[in-house]
Amino acid sequence: MPVLPGAEPFHHEGGEVGVLLCHGFTGSPQSLRPWAEYLAERGLTVSLPLLPGHGTRWEDMQLTGWQDWYAEVDRELRALRERCAHVFVFGLSMGGALTLRLAAKHGDEVSGIVVVNPANKVHGLAAYALPLLRHFVRTVPGITSDIAKDGGIEIGYDKVPLHAAHSMRNFYRLLDGELPQVTQPMLLLHSPQDHVVPPADSARVLSRVSSVDVTEILLEQSYHVATLDHDADRIFEESFAFVSRLAPGAGKEAGAGQASQQEGTATGG
């Protein structure tokens, strides 16, 4: 299936400090594209993959599960490790959960992580209904574009495939038990007004990880997709400062390399 315009993956060959970015459930690389371009412009090597089943049509996602999504970012991380001396992982929402699992599983191979409104649990009655409901109802209304900024649009599905949602629920339950294995420096940014992932998820992550170097920042002006919202510039600046503190050579190769996409035509830059 063709990729939705604007949802293409993004890659940039920069210096020896690399960043892997993980987008969220039913979303696409578009939600993180400005962040990826910001980092690329500062000389970092950047990988922003399209997760399997995403960025085309919701029926494709119905055939995938968390193992597929995690395998994709795991492959991208391993490729960056071959190319870069230091690798960081950033993620939004479910992408934050993928980031945390990569950190738990790869240890010192990940130099630090940045998570924005990380998801940790499926809340409410949906959590209990999903195992049975998914066999009778294929979808529920979508969760994209929770953005406070006027005109803010997230490219993603307008429906949530319930088989995929059930798999995501199982992934969160697995990850919760693995959070104590996360020891890397962590920058966590979250929105008090989030209509998709409640602040309780960020609090849970902060209470469960074993990281000693932890910074928490509130995004007061943004909703869930904060990377496309009023606080986007702050996210970009704080994350680059975080990388620069832990890898002092970051950004010295600014201007090196060329940005490219694996599929489709470049959009937005």
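Residues numbered from 1 in each chain as written. Predicted model: local features only at pLDDT ≥ 70, side-chain atom pairs only at ≥ 80, totals over all residues. Heavy atoms only, no water.

**Some points on the overall build of the chain**
Part 1 of the reasoning: What the chain contains, in helices and strands, is eight helices and 10 strands.
Part 2 of the reasoning: Counting only residues that meet the buried cut, the chain has 56% of its 269 residues in that class.
Part 3 of the reasoning: When contacts within the chain are restricted to residue pairs at least 6 apart in sequence, long-range pairs at least 24 apart make up 79% of them.
Part 4 of the reasoning: Put simply, the chain shows about 11100 Å² of open surface, and 52% of that area lies on carbon and sulfur atoms. (Helix = DSSP H or I, 4+ residues; strand = E, 2+ residues; numbered from the N terminus. Buried < 20%, exposed > 50% of the residue type's maximum accessible area, 1.4 Å probe, protein only. Contact = heavy atoms within 4.5 Å. Areas by Shrake-Rupley, 256 points an atom, 1.4 Å probe, with all protein chains shown as cover.)

**Considering the packing of helix H1 (residues 33-41) against helix H8 (residues 232-246)**
Part 1 of the reasoning: Their axes nearest at 10 Å, the elements H1 and H8 cross at an angle of 40 degrees. In terms of axis orientation, H1 runs oblique to H8. H8 is crossed by H1, and the crossing has right-handed handedness. On H8, the residues touching Pro34, Trp35, Tyr38 and Leu39 of H1 are Ile235, Phe236, Glu237, Ser239 and Phe240. (Axes fitted to C-alpha atoms, helices over the stretch in contact; angles between N-to-C directions. Parallel < 35°, antiparallel > 145°, perpendicular 65-115°, else oblique. Left-handed = near helix turned anticlockwise from the far one by under 90°.)

**Focus: helix H3 (residues 66-83)**
Part 1 of the reasoning: For H3, spanning 18 residues, the distance from its first C-alpha to its last is 26 Å, which sits close to the expected 26 Å at 1.5 Å a residue.
Part 2 of the reasoning: Here H3 has its buried residues at Trp66, Trp69, Tyr70, Glu72, Val73, Asp74, Glu76, Leu77 and Leu80. (Expected span 1.5 Å × (residues − 1).)

**Observations concerning the packing of H3 against helix H6 (residues 162-178)**
Part 1 of the reasoning: Where H3 meets H6, the axes come as close as 8 Å, and the angle between the chain directions of the two elements is 65 degrees. Contacts between H3 and H6 involve Trp66, Gln67 and Trp69 on the former and, on the latter, Ala164, Ser167, Met168, Phe171 and Leu174.
Part 2 of the reasoning: Looking at the contact of H3 with H6 residue by residue, the class counts come to six nonpolar, two polar and no charged. (Nonpolar A, V, L, I, M, F, W, Y, C, P; charged D, E, K, R; others polar.)

**A few points about unusual backbone geometry**
Part 1 of the reasoning: At Ser93, a residue that is not glycine, the phi angle is positive and equals roughly 60 degrees.
Part 2 of the reasoning: Along the polypeptide, Ser93 turns up in the loop between strand E4 (86-92) and helix H4 (94-106).
Part 3 of the reasoning: Positive phi, close to 45 degrees, is recorded for Asn117, a residue that is not glycine.
Part 4 of the reasoning: Assignment of secondary structure puts Asn117 in the loop between strand E5 (112-116) and helix H5 (125-133).
Part 5 of the reasoning: A relative accessible area of 2% means that Asn117 is categorised as buried.

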